[in-house]
Amino acid sequence: RYTLLIAPHASPSKERTAWRRPAPLDLVAMRAAASLLVGTHDFRAFRTDPGPERRDEDTVRRIDSLCVTAADELVWIDVEGPGFLYMMVRNIAATLVEVGSGARAPASVAEALHARDRRLLPPPAPAAGLCLRSVRYD
């Protein structure tokens, strides 16, 4: 789960567990972009370089569910799947925030995914908003 705090001012109680964004986000656009990432894809564009020891790893991953929900001043981006690449969820969150703020069209997410080019996407979202909620063993 990645947590966003939508508030004009910092919140000391949430600054270590959420990425504060000062303006509201378009959740409908974020959900449209999120739906393009569900399924099995090559997520190379959503991986930050993991270093030489893992640079050649397979970048095909499966996202089973990618939901954007909100309550009050919080927005959650929940990503479920059997495994993720280095910084993949933070890169997905940053990209969805760009879509929600109007800086990127939802369709551009699919274009970046298919181009497999990290340079087409924003820097990763801050680590503070990321939280592992559960692990399932099948």
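So, a few notes on the structure that sits alongside this text. Since the model is a prediction, treat every value here as computed from it, not as a measurement.

## Focus: a nonpolar patch on the surface
- Together, Leu132, Val135 and Tyr137 make up a nonpolar patch on the protein surface, roughly 420 Å² of accessible area in all.
- Leu132 gets classed as exposed once you look at its relative accessible area, which sits at 69%.

## Topic: the nonpolar core
- Within the largest apolar cluster, 34 residues are counted, with the highest numbers of intra-cluster contacts made by Leu4, Leu37, Phe46 and Ile77.
- Put simply, the parts of the chain that give this core at least two residues each are strand S1 (2-6), helix H1 (27-35), strand S5 (65-71), strand S6 (74-80), helix H2 (88-100) and helix H3 (106-115).
- Top element by residues in this core is H2. It accounts for eight residues.
- Filtering out sequence-adjacent residues up to four positions away, Leu4 remains in contact with Ala18, Trp19, Arg21, Leu25, Met30, Glu73, Leu74, Val75, Ile77 and Val97.

What counts and how
- Residues numbered from 1 in each chain as written.
- Predicted model: local features only at pLDDT ≥ 70, side-chain atom pairs only at ≥ 80, totals over all residues.
- Heavy atoms only, no water.
- Patch = residues over 30% accessible without salt bridge, like charges linked within 9 Å, V, L, I, M, F, W, Y side chains within 5 Å.
- Areas by Shrake-Rupley, 256 points an atom, 1.4 Å probe, with all protein chains shown as cover.
- Salt bridge = Lys/Arg side-chain N within 4 Å of Asp/Glu carboxyl O.
- Buried < 20%, exposed > 50% of the residue type's maximum accessible area, 1.4 Å probe, protein only.
- Core = buried A, V, L, I, M, F, W, Y, C linked by side-chain atoms within 4.5 Å.
- Helix = DSSP H or I, 4+ residues; strand = E, 2+ residues; numbered from the N terminus.
- Contact = heavy atoms within 4.5 Å.

Any functional reading would require information that these geometric values do not contain.
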